[in-house]
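# Understanding the architecture of this molecule
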Amino acid sequence: MLFFNFVCQVEPRDWAKLEPESSMENGDRKVSQTVTNKKMISKNSIFLISVVLASVTVEVEASDSLTLTKAPSNEKNRDFTWRQQAIQKLWEERKAMGHTPLRKFPIPGMPDVDLIFKDESVTKIGSLKFRFGWALFMWALLEGHIDQNTTVYEASSGNTAICESYMTKLIGVPFVAVVPDYTEDTKVNHIKEYGGKVLKADIAARFGKAALEAEKNHGFYMNQFANAHRAEEFHESGNGELESVNVMHEIVQQLKSQNLKEPDFFIHAAGTGGTISSVGRYVQKYNLDTKVIMADPEFSIYYDYVINGKFMNESGASLWKTPGMAGIGFGYAGPAILGQTSSLQPSVVNGAFKLPDIASTASMHVLREYGISGGTSTGMNFLASLSLAAKERSKKSQGPLRIVTLLGDPGTVYESSYYNISWIKQKFDFHGGLPVFDCWKDVIRNSFTKGSDPLAVGSELCSKEAVKDSASRRSKRETNFSAKFRSVL
Ligand SMILES: Cc1ncc(COP(=O)(O)O)c(C=O)c1O
């Protein structure tokens, strides 16, 4: 049964009371504290007088150059200069980024639907992670986690590491990426191209390894899974149209420039959850009329985490099955804890799809046949968009149903894996192998040309059992499907 359920409305927040900030430079601070102490002297007891005087005496004795009438030289300013230069480089990079294009993708079977891909594959580093890499570095620089002597470490499935390698080269510090042992050579080479070093580890072990290496070598573990959540705040920079790297900000500006309203739906797959949460927060903050929908792989725990509030302290590791959809989903490394192991904020996601991995892979192939060559998240986004469009288009009373999704990275990165038929045959043997893969391709093509719901149809026709018996596959009617792969919208 399909059902419509807008989950987790955002609650109004209690904002922390802000204290006025000191505008004083560091060097002035000690002197000013001494002045404050002097004021206290007149008010407080003899005991306090002696304590305060003692501390003043110690300070004077501890430094030859310090007198009460002369401020100490401001040693810390040296760090600030480097940091300011690094931040300036980030802003210049942001200006050079411009906007990634919106590509309208007509669906012949659903002429009343506007499916739009925001093409993040054209960024300088070739993926949507350009924004997050940028924001992570802005956050880490502003909060003092990185200085000119810091080596940055990261655990990544590749794209974030590529961006971080680029950013470290830009600001002039070393970088070490810990990637899953099966990571495609194309991604590894791209990391190295910008000077980053690459270590390989088991997908679940890479977090611990990155943290350990950073600690051992006195470096900084960026930890995108925990900190995309924090970096999100640094996406936005007031009203400047180009300065915000929030992808939804760009989408809204670009649609506005064509006199179009915000989309009815935004769909995206989650890895760290940073991207979809940044969109969800933006939608809530500016009260946009957009529903934010997540596409989740088959063995990931994010669907349950968002929809049913599960896996916040229980591990999903035993459920995980390789190969998964590279860079997407979570569960292989313990529970989903916001700000620790994940940046996915369930309260800003309105609904979710759970998609079979073999169907998402078939979707990458079908999309490529129709002219868009994308990676794992793009295939998932396309499949979820077709299913959502089939369900929702009749409900729109005025104008086309507008869905915006992301083309996260290019297909070229996955030639040796998700676009390689022998690889698919071997890795998806457990899922029914090529016959099931081909079945999903047929169903998705059919959805594209005729407007049917690919998940509803494929759930029935493309199960391992149904595919074994192709005669029964043809005779079954599309409407009586099992809801094994379900959606909650
Ligand atoms: C191509 C691609 N799409 C989607 C994602 C998931 O994005 P996020 O980590 O922001 O959830 C990733 C993550 O690395 C990715 O590389």
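Preceding this paragraph is the structure being described.
Read on for an overview of the structure. Residue indices begin from 1 for each chain and proceed along its sequence in written order. This being a predicted model, a pLDDT of at least 70 is required before a residue's local features are given, and a value of 80 or more before pairs of side-chain atoms are given or counted; all residues contribute to the totals for chains, interfaces and linings. Side-chain numbers here rest on the full set of heavy atoms in the structure, without hydrogens or water.

We now examine the site of the ligand. The environment of the ligand is made up of 15 residues, and the closest members are Lys129, Asn159, Gly271, Thr275 and Ser377. Between Gly273 and the ligand, the recorded distance is 2.8 Å, taken from a backbone N or O atom to an oxygen atom. Under the rule applied, a polar contact is a pair of N or O atoms within 3.5 Å (in protein, one hydrogen donor and one hydrogen acceptor; residues adjacent in sequence only if both atoms are side-chain atoms). The separation between a nitrogen atom of the ligand and a polar side-chain atom of Ser377 is 2.7 Å. Think of a 1 Å grid over just the protein atoms. A cavity is a set of points where a 1.4 Å probe fits yet cannot get out, a pocket is an open set with protein on both sides within 12 Å along at least five of seven lines, and lining residues have an atom within 4 Å of a point. A molecule is counted as occupying a cavity or pocket when more than half of its atoms fall within 2 Å of that pocket's grid points. Of all the cavities here, the one that holds the ligand is the largest cavity. Charged means Asp, Glu, Lys or Arg here, nonpolar means Ala, Val, Leu, Ile, Met, Phe, Trp, Tyr, Cys or Pro, and polar covers whatever is left, Gly included. Along the lines of polarity and charge, the residues of the shell around the ligand split into three nonpolar, ten polar and two charged. Each residue is tested against the molecule or strand, and it is near if at least one of its non-hydrogen atoms lies within 4 Å.

When two cysteine sulfur atoms are found within 2.5 Å, that pair is recorded as a disulfide. Counting across every chain of the model gives one disulfide. Across the disulfide from Cys439 sits Cys462; the S-S distance is 2.1 Å. Residues Cys439 and Cys462 are joined through a disulfide that is left-handed, its torsion about the S-S bond being -80°. Of this pair, Cys439 sits in helix H15 (residues 433-450) while Cys462 sits in the loop between helix H16 (454-461) and helix H17 (464-468); the two residues are 23 residues apart in sequence, bridging distant segments of the chain. Numbering goes from the N terminus for both helices and strands, where a helix is a DSSP run of H or I of at least four residues and a strand is a run of E of at least two.

Turning next to the pattern of salt bridges. A pairing counts as a salt bridge when a side-chain nitrogen of Lys or Arg comes within 4 Å of a carboxyl oxygen of Asp or Glu. Under the criterion given, the structure shown has 17 salt bridges. A salt bridge links Glu93 to Lys124; the shortest N-O distance between them is 2.9 Å. A residue pair is termed long-range when its members are at least 10 positions apart, and Glu93 in helix H3 (residues 77-97) and Lys124 in the loop between strand E2 (113-119) and helix H4 (129-142) qualify at 31 residues. Assessed through its relative accessible area of 6%, Glu93 is described here as buried. Summary of the burial criterion: residues with accessible area below 20% of their type's maximum are buried, those above 50% are exposed, and those between are partly exposed, where the area comes from a 1.4 Å probe applied to protein chains only. Given a relative accessible area of 46%, Lys124 falls into the partly exposed group. Among the salt bridges present, the one from Glu250 reaches Arg131, with a minimum N-O distance of 2.9 Å. Of this pair, Glu250 sits in helix H9 (residues 247-257) while Arg131 sits in helix H4, and the two are 119 residues apart along the sequence. Residue classification places Glu250 among the buried positions, given a relative accessible area of 1%. With relative accessibility at 6%, the residue Arg131 sits in the buried group. Linked by salt bridges that have partners in common, Arg94, Lys118, Glu120, Arg131 and Glu250 make up one network.

Any functional reading would require information beyond the geometric quantities listed.
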